[in-house]
Amino acid sequence: MNKKTKSKKNTQITAVKDLKNKILKTLSSEPGKQLNYKQVSARLHITDREQRKVLKDCLDALVRDKVIESPTEGKYVFRPKSQTVLGVLEITNAGHGFVIADPLPDGTRMPDIFIDKEALNRALPGDRVQVALYAFKRRDLPHGEIIGILERERTEFVGTFMAARKKYGFVVPDNKRIYTDFFIGEENKNGAADGDKVVVQLTDWPEQATSPFGKIIKVLGRPGEHETEIHSILAEYDLPYEFPADVEEEAEKIPDKLDPKEISKRRDFRGVVTFTIDPEDAKDFDDALSVRPLENGNLEVGVHIADVTYYVRPGSKIDEEAYQRGTSVYLVDRVVPMLPEKLSNYLCSLRPKEDKFCFSAVFEIDAKAHVHSVWFGRTIIHSQRRFTYEEAEGILKTGKGDFARELKILNSIAKKLRTQRFKAGSIGFDKSEVKFILDEKNNPTGVYQKTIGDSNHLIEEFMLLANKYVAMAVGRNADGKPSGKIMVYRVHDDPDPDKLIELQGFVSRFGYKLHISSRKQITNSINAMLNAVKGKPEQNLIETLAIRSMAKAIYSTKNRGHYGLGFEYYTHFTSPIRRYPDVMVHRILQWHLEGKEAKNKNLWEEKCKHSSQREKLATDAERASVKYMMSKFLMDKIGKTFEGVISGVTEYGIYVELVDNKCEGMIRISDFKDDYYIFDEDNYQLIGSRKGKIYQLGEKLKVRVKKVDLQKKQIDFSVVE
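Residues numbered from 1 in each chain as written. Predicted model: local features only at pLDDT ≥ 70, side-chain atom pairs only at ≥ 80, totals over all residues. Heavy atoms only, no water.

J.: So what about the sheet that holds strand S29 (residues 677-680)? Which residues, and what values?
T.: With respect to topology, three strands assemble into an open sheet ordered S29-S30-S31, the strand pairing being antiparallel. Each having just a single partner strand, S29 and strand S31 (694-696) make up the two edges of the open sheet. The mean angle between the axes of side-by-side strands here comes to 20 degrees, regardless of whether they run parallel or antiparallel. Two strands pair when backbone bridges link them, and strand S30 (residues 685-688) and S31 are joined in this way by three bridges, in the antiparallel orientation. Looking at S31, one finds that Gln-685 is bridged to Gln-696. (Pairing = 2+ DSSP bridges. Helix = DSSP H or I, 4+ residues; strand = E, 2+ residues; numbered from the N terminus. Axes fitted to C-alpha atoms, helices over the stretch in contact; angles between N-to-C directions.)

This is the structure we're talking about:
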């Protein structure tokens with residue numbers, strides 16, 4: 001077959017496929033209605049005799065494939081397997097869609113519904129859609145077509161303006177999953193120049209239009225410039241970097257001085273040894289610890305949390321803005337706070353040498369870390385010292401420095417609490433965090449991994465203790481049974497068994513054993529593996545995969561426990577400056593202490609869902625900023641060689657994480673010149689079809705930095721043979 005004949009045949013195949021899709025769309029728009037081929041032809045505006053013959057052949061082929069039915073000779077009908085389904089659309093980078101269906105009345109969920117590119121029908125990622133199910137499956141999943149867009153998740157997108165002619169242009173979205181460009185008329189360019197990074201708003205998408213219409217609502221700047229790229233990340237994830245004027249005005253009106261009447265209502269801890277331990281660059285100090293001996297030989301340990309709800313009242317503009325934001329966002333070069341700076345860095349922040357209002361959990365605890373009692377209530381504290389983690393770590397190691405005795409006592413108890421926690425089934429995910437050294441222009445001059453020491457664990461254990469006891473205080477009665485009261489929990493479901501089996505198979509290649517026959521075996525063997533992998537080249541990879549095998553922790557009013565921590569009751573109480581769920585928990589706990597309780601469980605559950613969604617957006621934005629900074633770090637290192645570990649394998653190529661700096665990039669399958677490689681999905685590997693060479697997950701190899709695209713945040717490597 002010559003090239004011309006082959007090209008003609010391919011064109012015919014594509015035309016037939018397109019016609020089948022049009023037929024299916026026509027019939028599925030009137031499910032259950034019988035049409036003959038002339039009626040279908042009329043709806044598709046097909047009048048040519050030869051085309052009608054092709055259409056009849058396509059109809060018969062769809063009947064043979066059991067996509068449609070022919071109840072009587074010459075009549076055709078589409079019958080969905082069930083009623084149409086509602087759900088949320090997700091789109092892969094390859095352009096295929098999956099609809100996550102709403103739960104069924106009994107609470108169960110059907111599998112994700114596969115949607116062909118041609119059946120997306122103008123729906124975009126995150127949209128709430130209506131799906132008609134086909135009578136056949138794809139990829140062993142239900143298969144369907146989007147027949148209605150009920151609600152757009154978003155209408156604003158980040159992209160690059162491309163001027164086509166003087167009077168119009170297009171915006172090409174940064175997000176690969178947004179599969180269409182936006183048409184921009186002359187009147188909607190808003191001063192954007194060719195090549196500018198912009199925010200475009202979708203204004204209309206007529207059925208006959210191939211591209212949606214949009215207008216540019218903000219020009220972010222020239223691509224590649226630092227501020228442009230950071231603001232692009234914030235805009236892409238719907239994260240505002242400025243507070244509305246009325247919110248700032250409301251914050252400014254809050255008095256700086258503490259009200260003497262309020263002080264008199266609170267338990268006074270200003271005479272007790274109290275300090276904070278935080279990262280070196282922190283300004284919002286959420287938590288402080290106090291410690292003093294009791295006459296019976298036990299200790300009183302206070303976990304003091306910034307009393308945000310004293311300043312931020314329900315219904316205020318600050319509260320509404322904080323709820324919408326949901327969380328502070330920590331990008332590589334800045335913090336986008338949940339609360340205005342006057343609150344987050346000054347009034348609420350537990351700064352040293354200042355009196356501060358707190359909401360506290362005060363424990364009576366013995367030297368063996370057994371809790372004898374706990375008191376909750378509003379307090380006033382005076383932090384005598386602000387430690388960085390590094391300073392506290394140095395004092396713990398040397399035994400010398402401010403409050404060395406108190407730090408030693410608290411560290412001893414924290415270690416015992418940690419031991420108790422792991423015995424009860426907690427998993428030790430101490431995943432190392434990649435940090436950048438930035439110069440005055442925010443250029444990365446170095447990359448390092450943040451180390452976790454005893455000082456980190458000290459704070460962690462007391463925060464976990466407070467969170468657990470607050471959840472129990474509201475969530476269960478004195479007899480240990482559930483109270484039935486509304487509470488905001490931090491829940492973490494059991495892991496998917498299939499993911500554990502995959503993890504088990506992978507880590508065995510490195511010589512690690514994972515036993516998954518019981519919960520105790522799972523936690524014990526994961527902890528043993530995480531300890532054994534520390535300091536080894538595969539550490540970051542295995543820690544990442546172990547975390548991915550777990551379920552995602554979310555907020556909910558339905559308590560399902562926290563698998564990773566091994567806690568039956570758990571919440572978030574200790575970071576209200578930067579997390580809105582903690583604000584909700586403070587309010588619920590105060591009502592509980594007053595003998596009241598929260599009302600309207602559905603409303604609180606909706607708030608939990610919103611908080612979980614905002615948390616995910618913030619996490620995605622933080623990852624995007626890390627990818628951007630990794631790209632920036634390697635910009636001047638093109639052509640240099642590094643040691644790497646294969647961290648991912650896909651049909652498009654392999655991802656490689658560099659051992660020295662943890663930057664991750666891809667070797668595209670087209671860049672393997674020595675052979676034609678086939679993707680083995682089950683074993684996470686590429687296999688050379690002729691020579692049999694294998695590239696598999698976790699394998700070490702040398703790579704060269706081939707290309708860096710700052711705008712796409714993409715790093716390309718090539719193999720060094």
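Let's pick the thread back up.
J.: Can you explain helix H10 (residues 389-398)? Please cite residues and give values.
T.: Tyr-389, Ala-392, Glu-393 and Ile-395 are the residues of H10 that are buried. Along the axis of H10, the buried positions cluster into a sector of 165 degrees, meaning they face one direction only. Among the exposed residues of H10, those pointing more than 90 degrees away from its buried face are Glu-390, Lys-397 and Thr-398. Looking at the buried side of H10, the elements it contacts are strand S14 (274-278), strand S21 (385-388), helix H11 (404-423) and helix H12 (454-475). One or two positions beyond H10, positive phi appears at Gly-399, with a value near 75 degrees. (Buried < 20%, exposed > 50% of the residue type's maximum accessible area, 1.4 Å probe, protein only. Arc of directions from axis to C-beta. Contact = heavy atoms within 4.5 Å.)

J.: Could you give me a rundown of the packing of aromatic side chains, with the residues and numbers involved?
T.: Here the structure, examined in full by the defined rule, presents 21 aromatic pairs. Three or more aromatic residues link up through ring pairs in this structure, and these residues are Tyr-168, Phe-170, Phe-183 and Phe-213. Sitting over the ring of Trp-375, Arg-267 keeps its end group 4.6 Å from the ring centre. In this arrangement the basic side chain of Lys-468 is found over the ring face of Phe-567, its NZ or CZ atom lying 4.8 Å from the centre. (Phe/Tyr/Trp six-rings, centres within 6.5 Å; stacked < 30°, edge-to-face > 60°. Lys NZ or Arg CZ within 6 Å of the ring centre and 35° of its normal.)

J.: A description of the layout of surface pockets should follow, citing residues and the corresponding values.
T.: For the second largest pocket, the calculated volume is near 600 Å³. A per-element tally of the lining of the second largest pocket places helix H1 (residues 3-28) first, with five residues. A per-class count over the lining of the second largest pocket returns seven nonpolar, six polar and eight charged. (1 Å grid on protein atoms, 1.4 Å probe; cavity = no way out; pocket = protein on both sides within 12 Å on 5 of 7 lines; lining within 4 Å. Points joined across faces, edges and corners; volume = space filled by probe spheres on them. Nonpolar A, V, L, I, M, F, W, Y, C, P; charged D, E, K, R; others polar.)

J.: Tell me about a positive patch on the surface, and please be specific about residues and values.
T.: Taken together, the side chains of Lys-176, Lys-627, Lys-707 and Lys-712 define a basic patch exposed on the protein surface. Mapped onto the fold, Lys-627 is located in helix H17 (residues 601-634). Given the relative accessible area of 48%, Lys-627 is considered partly exposed. (Patch = residues over 30% accessible without salt bridge, like charges linked within 9 Å, V, L, I, M, F, W, Y side chains within 5 Å. Areas by Shrake-Rupley, 256 points an atom, 1.4 Å probe, with all protein chains shown as cover. Salt bridge = Lys/Arg side-chain N within 4 Å of Asp/Glu carboxyl O. Lys, Arg positive; Asp, Glu negative; His and termini not counted. Charge placed at Lys NZ, Arg CZ, Asp CG, Glu CD.)

J.: Mind laying out empty space enclosed by the protein, listing which residues take part and the relevant values?
T.: Evaluation of the coordinates by the stated rule reveals two cavities of 30 Å³ or more. Of the volumes computed, that of the second largest cavity is approximately 40 Å³. Its residues assigned to classes, the lining of the second largest cavity comprises five nonpolar, one polar and two charged.

J.: Would you mind going over the sheet that holds strand S13 (residues 267-268) in detail, with residue names and values included?
T.: In space, the seven strands of this open sheet follow the order S13-S20-S19-S16-S15-S14-S21, with mixed pairing throughout. The open sheet has two edge strands, S13 and S21, and neither has a second partner. Summarising the sheet, strand S16 (residues 299-306) and strand S19 (residues 355-365) pair through eight bridges and their orientation is antiparallel. Across the sheet, the residue bridging to His-304 is Ser-360, located in S19. Along the sheet, H10 makes contact with S14 and S21, crossing S21 at roughly 90 degrees.

J.: Give a description of the pairing of S30 that names residues and reports values.
T.: Where S29 meets S30, four bridges bridge the pair, whose relative direction is antiparallel. When the sheet's bridge partners are listed, Phe-679 is paired in S30 with Leu-686. Hairpin connection from S29 to S30: four residues lie between these consecutive antiparallel strands, with Tyr-684 at a positive phi of about 50 degrees. Hairpin connection between S30 and S31: a loop of five residues separates the two successive antiparallel strands, and Gly-692 in this loop has a positive phi of roughly 80 degrees.

J.: Residues and numbers for unusual backbone geometry, please.
T.: Residues other than glycine seldom take positive phi values, yet Asp-238 does so here, at roughly 55 degrees. Structurally, Asp-238 can be placed in the loop between helix H4 (226-236) and helix H5 (245-252). Among the residues examined, Asp-238 registers a relative accessible area of 48% and is labelled partly exposed.

J.: Got a sec to walk through the environment of Ile-147? Specific residues and values, please.
T.: By the secondary structure assignment, Ile-147 is in strand S7 (residues 141-151). Sequence separation between Ile-147 and Glu-280 is 133 residues, and the spatial gap between their C-alpha atoms is 53 Å. Setting aside its immediate chain neighbours within four residues, Ile-147 contacts Thr-84, Gln-130, Val-131 and Ala-132.

J.: Which residues make up the environment of Lys-700, and what values go with them?
T.: Summarising the element assignment, Lys-700 is placed in strand S32 (residues 700-709). For Lys-700, a relative accessible area of 53% puts it in the exposed group. Not counting residues within four places of it along the chain, the set of residues in contact with Lys-700 comprises Pro-537, Gly-644 and Val-645.

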